[in-house]
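Summary of the model geometry
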Amino acid sequence: MNVTLQELAGHLGAELKGDPGVKITRVNTLDKAGPGEVAFLSDSKYRHLLAETKAAAVILKAEDSVACPVASLVMADPYLGFALAAQRLDTTPAPAVDIHPSAVIAEDAVLGEGVAIGANAVIESGVVLGAGVIVGPGCFVGKNTRLGARTRLWANVTLYHNVVLGSDCLVQSGAVIGADGFGYANNKGEWVKIPQLGGVVIGNRVEIGACTTIDRGALGDTRIADNVIIDNQCQIAHNVEIGYGTAMAGGTIMAGSLKVGKYCIIGGASVFNGHMEICDGVTITGMAMVMRPITEPGVYSSGIPLQTNKEWRKTAARVMRIDDMHKRLSRLEKQLDKKD
């Protein structure tokens, strides 16, 4: 795939400085780009690489363009420009093309125009696939599940029954959506399963990473709003609700009935308690343990930063003595209060 610089500038909404007829085939980094490739400069700490770049063109800010030795695409947010250029030059193959003869499709399934279904995929009764939906090889789409237009499932995705995905969603391989939530009652030491009777409702333009699991609701639905991005190997329990535009990095675990607001950013390997709310605009740094509701926007962290083992052992020993130290301090404070 290739485009001219003129075409690329129009796609990015950038100001072009240079030969509009130059052909661009791919995106690369400033230090590795060569002829036919476009690079980008969004972080000033890499500005020193600009003078030596061999790229055909560079996406950058106006203040950096004066020092650019090659053609430039000038825009306010070069990183956004990089994303848009990468989309335009994307060569990722489709998960499936046409309908493979080995696919098993229920007679009453509704397939929109241009649907593609890969080898050995199973489409059960009552399924509705919107126009342009792509279902990769080995996928399972359970009864009465609905996929909106242009949604794509990579290989071996499992969608249980009564799952709804909106339009323009992307689900990576191995994801499981709609499995039972972790619901049990205990009868004198014996676990009694609670059937999970809700569903999963996912909005438009949602991306879900490889091997992530999103459980169905116990009674109501688990809900993911539009424009949410979820990384690989995350666990989202039953009846969780995630608001518009929230981003979640890999390995995050959310317990049941958690409500997360809009535009939250959640660092990898974070853990959330259930049955509480996180307000809009919260950033959680990686490996945080969120055990209480958050009612004010801001940046929140927990955990101990990396130390040498010798330092960590001392820290751990002191942590184990905190309760004793607190009691001793309280006694000293009381003694001082009596003297006053």
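Thresholds, definitions, all that
Residues numbered from 1 in each chain as written. Predicted model: local features only at pLDDT ≥ 70, side-chain atom pairs only at ≥ 80, totals over all residues. Heavy atoms only, no water. Core = buried A, V, L, I, M, F, W, Y, C linked by side-chain atoms within 4.5 Å. Buried < 20%, exposed > 50% of the residue type's maximum accessible area, 1.4 Å probe, protein only. Helix = DSSP H or I, 4+ residues; strand = E, 2+ residues; numbered from the N terminus. Contact = heavy atoms within 4.5 Å. Pairing = 2+ DSSP bridges. Phe/Tyr/Trp six-rings, centres within 6.5 Å; stacked < 30°, edge-to-face > 60°.

**Some remarks on the nonpolar core**
- Formed by 50 residues in total, the largest nonpolar core has its most connected members in Val135, Leu153, Ile202 and Ile278.
- Taken together, the elements giving at least two residues each to this core come down to β18 (163–165), β23 (200–202) and β36 (282–284).
- Setting aside its immediate chain neighbours within four residues, Ile202 contacts Val164, Leu165, Gly166, Cys169, Ile177, Ile208, Ile214 and Ile224.

**Here's the deal with the sheet that holds strand β31 (residues 253–254)**
- Across the sheet, which stays open at both edges, the 10 strands sit in the order β8-β11-β14-β17-β20-β25-β28-β31-β34-β37 with parallel pairing between neighbours. Two strands close off the open sheet at either side, each with one partner strand: β8 (104–105) and β37 (289–290).
- As paired elements, strand β34 (residues 271–272) and β37 share 2 bridges and run parallel to each other. Bridge assignment links Phe272 to a residue of β37, and that residue is Val290.

**A few points about the environment of Gly34**
- By the secondary structure assignment, Gly34 is in the loop between β4 (26–27) and β5 (37–40).
- Those residues in contact with Gly34 that lie beyond four places of it in its chain are Lys54, Ala55 and Ala56.

**Focus on the packing of aromatic side chains**
- According to the stated counting rule, one finds 6 aromatic pairs in the structure shown.
- The interplanar angle of 20 degrees and the centroid separation of 4.3 Å between the aromatic rings of Phe40 and Phe82 together place this pair among those described as stacked. Placement of the pair is Phe40 in strand β5 and Phe82 in helix α3 (residues 78–88), with a sequence separation of 42 residues.
- Relative accessible area serves as the criterion here: at 24%, Phe82 is assigned to the partly exposed category.
- Taking the centre distance of 5.5 Å and the plane angle of 50 degrees together, the rings of Tyr79 and Phe82 count as tilted. On the criterion of helical spacing, the pair formed by Tyr79 and Phe82 is a turn pair, its members being 3 residues apart in helix α3.
- The structure contains a cluster of three or more aromatic residues connected by ring pairs, namely Phe40, Tyr79 and Phe82.

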